[in-house]
Amino acid sequence: MDRWQRIADCVQETEDQRNLALLARVIEVDFLGRVERERDLTAFMAARYRWGNKTTRRRAMRLARIGVVRWVRSERDHWTKVYELVPEADLDAAVAGDAAVAAP
């Protein structure tokens, strides 16, 4: 399963799907799959797409909830979040895990 399919399966609204896919693509292409500081991502999205900081943070956390992105706190600074794309091969495993949890 690819990222777009995962987003489309988990999000109903077309506009939300597009925004989440855009954010995932920005992380993949412009940050090479890993954002070292959340501040860098919010500044980039504000400059290029005119998204607010809160909007970017909420959408990034939504990507994390659906399993497209992982986030952790930086080891250097507890306040800083680091975002990393989940490899597409792991998305398939997450779907299989979701199905196993759903089936009693």
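Residues numbered from 1 in each chain as written. Predicted model: local features only at pLDDT ≥ 70, side-chain atom pairs only at ≥ 80, totals over all residues. Heavy atoms only, no water.

K.L.:
Looking at this structure, how should I read the confidence of the model for the protein chain?
P.N.:
Low pLDDT means the predicted coordinates in that region are not meant to be read closely. Considering every residue of the protein chain, the mean pLDDT works out to 88; 88% of them sit at 70 or more. The model gives residues 99-104 a pLDDT under 50, and that stretch makes 0 contacts with residues more than four places away or in other chains. (pLDDT = per-residue confidence, 0-100. Contact = heavy atoms within 4.5 Å.)

K.L.:
I keep staring at the pattern of salt bridges and nothing clicks. Help me out?
P.N.:
Pairs can form between side chains of opposite charge once their charged atoms are near each other. As enumerated under the stated definition, the model contains 11 salt bridges in all. For E28, the salt bridge goes to R25, with nearest N and O atoms at 3.0 Å. Of this pair, E28 and R25 both sit in helix α2 (residues 14-29), 3 residues apart, roughly one helical turn. When its relative accessible area of 30% is taken as the criterion, E28 is described as partly exposed. Here R37 and D40 are joined by a salt bridge, their closest N and O atoms 2.7 Å apart. Taking relative accessible area as the criterion, R37 reaches 36% and is therefore assigned partly exposed. Given a relative accessible area of 27%, D40 falls into the partly exposed group. Here the salt bridges do not stand alone but share partners, grouping R3, R25, E28 and E88 into one network. (Salt bridge = Lys/Arg side-chain N within 4 Å of Asp/Glu carboxyl O. Helix = DSSP H or I, 4+ residues; strand = E, 2+ residues; numbered from the N terminus. Buried < 20%, exposed > 50% of the residue type's maximum accessible area, 1.4 Å probe, protein only.)

K.L.:
What's the story with the nonpolar core in this structure? I'm lost.
P.N.:
As a rule of thumb, soluble globular proteins bury nonpolar side chains together. Ranked by internal contacts, the top residues of the largest apolar core, which has 19 residues, are I7, L23, I27, L41, L63, V68 and V69. Those elements giving two or more residues to this core turn out to be α2, α3 (38-49), α4 (53-66) and β3 (81-85). With 5 residues, the single largest contributor to this core is α2. (Core = buried A, V, L, I, M, F, W, Y, C linked by side-chain atoms within 4.5 Å.)

K.L.:
Would you mind going over the sheet that holds strand β1 (residues 34-35) with me for this structure?
P.N.:
Hydrogen bonds between backbone atoms are what pair the strands of a sheet, whose relative direction is either parallel or antiparallel. The strand order across the open sheet built from 3 strands is β1-β3-β2, with neighbouring strands paired in antiparallel fashion. Strands at the two margins of the open sheet, each flanked by one partner only, are β1 and β2 (69-73). With 5 bridges connecting them, β2 and β3 associate as antiparallel partners. Residue pairing for β3: R73 is matched across the bridge by K81. Of the strands in this sheet, β1, β2 and β3 touch α2, which is tilted by about 95° from β3. (Pairing = 2+ DSSP bridges. Axes fitted to C-alpha atoms, helices over the stretch in contact; angles between N-to-C directions.)

K.L.:
Any chance you could explain the environment of E28 here in plain terms?
P.N.:
In sequence terms E28 and E84 are 56 residues apart; their C-alpha atoms lie 8.8 Å from each other. Beyond its immediate sequence surroundings of up to four residues, E28 is in contact with R3, G33 and L85.

K.L.:
Hey, could you run me through the packing of α3 against α4 in this one?
P.N.:
Each pair of packed helices can be described by the angle between their axes along with the distance between the axes. Following both chains from N to C, one finds α3 and α4 inclined at 120°, their axes separated by 9 Å at the closest point. In terms of orientation, α3 and α4 fall into the oblique class. Note on packing geometry: the crossing formed by α3 with α4 is right-handed. Contacts from E38, L41, T42 and M45 of α3 reach α4 at N53, T56 and R57. Among the residues making up the contact of α3 with α4, the classes are represented as 2 nonpolar, 3 polar and 2 charged. (Parallel < 35°, antiparallel > 145°, perpendicular 65-115°, else oblique. Left-handed = near helix turned anticlockwise from the far one by under 90°. Nonpolar A, V, L, I, M, F, W, Y, C, P; charged D, E, K, R; others polar.)

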